[in-house]
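Observations on the three-dimensional arrangement
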Amino acid sequence: MQYLSTRGHPARQSFSQVLLSGLAEDGGLMLPETLPKITDAELTAWRALPYHALAHAVLSKFIATDDIDSATLAALTKATYTKEVFGTDDITPLRKIDGYAPGMQIEALSNGPTLAFKDMAMQLLGRLFEFELGRRNQTLNILGATSGDTGSAAEYAMRGRKGVNVFMLSPAGRMSAFQRAQMYSLQDANIHNIAVEGVFDDCQDIVKAVSNDLAFKRQYNIGTVNSINWGRISAQVVYYVKGYLAATTANAQKVSFAVPSGNFGNILAGHIAREMGLPIDTLVLATNENNVLAEFFNTGVYRPRPSKETFETSSPSMDISKASNFERFVYHLFNNDAARVAALWREVDQGRAFDVSQTAEWKGLRERFGFVAGTSTHADRLATIREVYEKTGSLIDTHTADAVKVARPLVKPGVPMIVLETALPVKFADTVKDAVGFEPPLTADQQAMMKLPLRVVQIAPDVERVKAIIAGR
Ligand SMILES: *Cc1c(COP(=O)(O)O)cnc(C)c1O
């Protein structure tokens, strides 16, 4: 299994090389040279597997055994996907919400340590990084900017791991009390919370400035764990397979998935699963008012927007106007034509839109790839949270509500519609309260967490100060 760049660079890389590198040398994204397939016999055998063994089976298709041997991968997946970390033996249990929409089910992906779906992949990534850095005898300094979910998922995955330090910038005073407590209460020596007096974009600018200082980047081995990381995408394929197996009894049956989307990382894994042969009917892509992806799937025009045209919404983890993983799908759409992808992204990188609405590929997209897209508004999300709660007793968060709303009219008789739950309502308590009149109750552990001492340094938006903190470690 070798990986190549969506923009045609001739270099080929192994899974473990792709794991620690960011973009390809030509600025493209890495993808498997040929996508592995799931056979009917495998799908049948997988029905009996617990989650960690299913993860091993699926990930084995993406990793050559002379790269990471099978026993090592089995040990890593077994240590990651446990009831202790994810709350249940099922890891990603399904629950029906027939009272709201017959055939609709919710797949719980948010029962990990930070209560958002990013834990599903990030928890494994922490162990993969520790293994890979250990055998290279290297140390990695992960530098990131977060407005909430990504930073905390990265910290909970990397805490205490050998060979990894995390330096996470967050906008001072702009995250919810719950998010602050979750991140800043970590006391691990390898986790460094840096609150920047500014907004998320100021944090992001500092990360870019540090990364653009190539000498500093090389000297301190600076890396990232953002959503283009292929290790994350491949680990996400597993819960699509798991959801399919849990909702069906025979391989002739199909299911659909509905996915709250921002950077196109989560739903890209669904696309990969479908291309591998998992019997998926429709992939429902849901966005909020930041609808750059829904616009593409409905018009053939991809029009990324600058951050000042990005709305702040009640599903903030989807407030994205340039979907970093989307290039991987476009590579498949245009039949692995790297020159074409490179030409399209020359436009995108200049801040321009592209229009492929007149191509045969775009016209055949829905039938060939199963994508349907839609958007929700703030009022839609409030109404959806309220209605789902009143009719089923199930409380959902604002991101999951996006997908429930968009998917409802798309449910087909006999085809389960599995909505991916990307966060728990307690993370977005204020909006949930506006919908149902009460805040989701905190568990005893969460109440205790809210009272823990915080470990964070607050700084002015200053690149040199951040470099000094990293160098000081
Ligand atoms: C990250 C995130 C999303 C968006 O996922 P993408 O992979 O960026 O499309 C949706 N909901 C929640 C709660 C998230 O944390």
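Heads up: the structure comes first, above all this text.
Residues numbered from 1 in each chain as written. Predicted model: local features only at pLDDT ≥ 70, side-chain atom pairs only at ≥ 80, totals over all residues. Heavy atoms only, no water.

For the structure on display, the rule yields 22 salt bridges. For Asp281, the salt bridge identified is with Lys412, shortest N-O distance 2.7 Å. One end of the pair, Asp281, is in strand 10 (residues 280–287); the other, Lys412, is in the loop between helix 19 (398–407) and strand 14 (417–421), with 131 residues separating them in the sequence. Taking the relative accessible area as the measure of exposure, Asp281 reaches 17% and is therefore buried. Overall, Lys412 belongs to the partly exposed group, its relative accessible area being 39%. The partner of Lys467 in a salt bridge is Glu464, with the nearest N and O atoms 3.7 Å apart. Linking Lys467 with Glu464, this pair stays in helix 22 (residues 463–472), spanning three residues, or about one helical turn. (Salt bridge = Lys/Arg side-chain N within 4 Å of Asp/Glu carboxyl O. Helix = DSSP H or I, 4+ residues; strand = E, 2+ residues; numbered from the N terminus. Buried < 20%, exposed > 50% of the residue type's maximum accessible area, 1.4 Å probe, protein only.)

Per the stated rule, a full pass over the model turns up 26 aromatic pairs. When the ring of Phe62 is compared with that of Trp230, the centres are 5.8 Å apart and the planes differ by 70°; the resulting orientation is edge-to-face. Of the two residues, Phe62 sits in the loop between helix 3 (51–60) and helix 4 (70–80) while Trp230 sits in helix 11 (residues 230–247), which places them 168 residues apart along the sequence. Residue Phe62 is classed as buried on the basis of its relative accessible area of 0%. The class of Trp230 is buried, set by a relative accessible area of 1%. With a centroid separation of 5.5 Å and 80° between ring planes, the pair formed by Phe264 and Phe326 is classed as edge-to-face. Residue Phe264 is found in the loop between strand 9 (255–260) and helix 12 (265–275), and its partner Phe326 is found in helix 14 (residues 326–333); the two are separated by 62 residues along the sequence. (Phe/Tyr/Trp six-rings, centres within 6.5 Å; stacked < 30°, edge-to-face > 60°.)

Residues in contact with the ligand amount to 15 residues; listed here are only the nearest, Lys118, Asp149, Gly262, Asn263 and Asn266. Within the backbone of Asn263, one N or O atom sits 2.7 Å away from an oxygen atom of the ligand. A distance of 3.1 Å is found between an oxygen atom of the ligand and a backbone nitrogen or oxygen belonging to Phe264. Expressed as a share of its isolated accessible area of 380 Å², the protein-covered part of the ligand is 97%. Looking at side-chain class alone, the shell around the ligand contains five nonpolar, eight polar and two charged residues. (Near = heavy atom within 4 Å. Polar contact = N/O pair within 3.5 Å; in protein donor to acceptor, adjacent residues only side chain to side chain. Areas by Shrake-Rupley, 256 points an atom, 1.4 Å probe, with all protein chains shown as cover. Nonpolar A, V, L, I, M, F, W, Y, C, P; charged D, E, K, R; others polar.)

Here helix 11 is 18 residues long and its end C-alpha atoms lie 27 Å apart, about the 26 Å a rise of 1.5 Å per residue gives. With 17 of 18 residues buried, helix 11 is to be regarded as a mostly interior element. Sitting at the head of helix 11, Asn229 places a side-chain oxygen 2.8 Å from the backbone nitrogen of Gly231. (Expected span 1.5 Å × (residues − 1).)

Quick look at the sheet that holds strand 5 (residues 140–145) now. Pairing between the strands of a sheet is mediated by backbone hydrogen bonds and can be parallel or antiparallel. The five strands lie next to each other as 8-5-6-7-15, forming an open sheet whose pairing is parallel. With one partner strand each, in any of the chains shown, strand 8 (222–223) and strand 15 (457–459) form the two edges of the open sheet. In the sheet, strand 6 (residues 164–171) pairs with strand 7 (residues 191–196) via six bridges, with the strands oriented parallel. Across the sheet, Leu169 pairs through a bridge with Ile194, a residue of strand 7. Across the face of the sheet, helix 9 (residues 200–212) comes into contact with strand 5, strand 6 and strand 7 while running at roughly 145° to strand 5. Against the sheet, helix 22 contacts strand 5, strand 6, strand 7, strand 8 and strand 15, and its axis sits at roughly 150° relative to strand 15. (Pairing = 2+ DSSP bridges. Contact = heavy atoms within 4.5 Å. Axes fitted to C-alpha atoms, helices over the stretch in contact; angles between N-to-C directions.)

Let's shift gears to unusual backbone geometry. Positive phi, close to 60°, is recorded for Leu115, a residue that is not glycine. Examined against the element boundaries, Leu115 turns out to sit in the loop between strand 4 (104–108) and helix 6 (118–136). Residue classification places Leu115 among the buried residues on the basis of a relative accessible area of 9%. Despite not being glycine, Phe264 shows a phi value in the positive range, around 70°. Relative accessible area serves as the criterion here: at 1%, Phe264 is assigned to the buried category.

This next bit is on the sheet that holds strand 3 (residues 94–96). In space, the six strands of this open sheet follow the order 3-4-14-9-10-13, with mixed pairing throughout. Taken across any chain shown, the strands that pair with only one partner, and hence form the sheet edges, are strand 3 and strand 13 (371–375). Along the sheet, successive strands turn relative to each other by an average axial angle of 25°, direction set aside. One ladder, built from five bridges, connects strand 4 with strand 14; its direction is parallel. Within strand 14, the position partnered with Glu107 by the bridge is Leu420.

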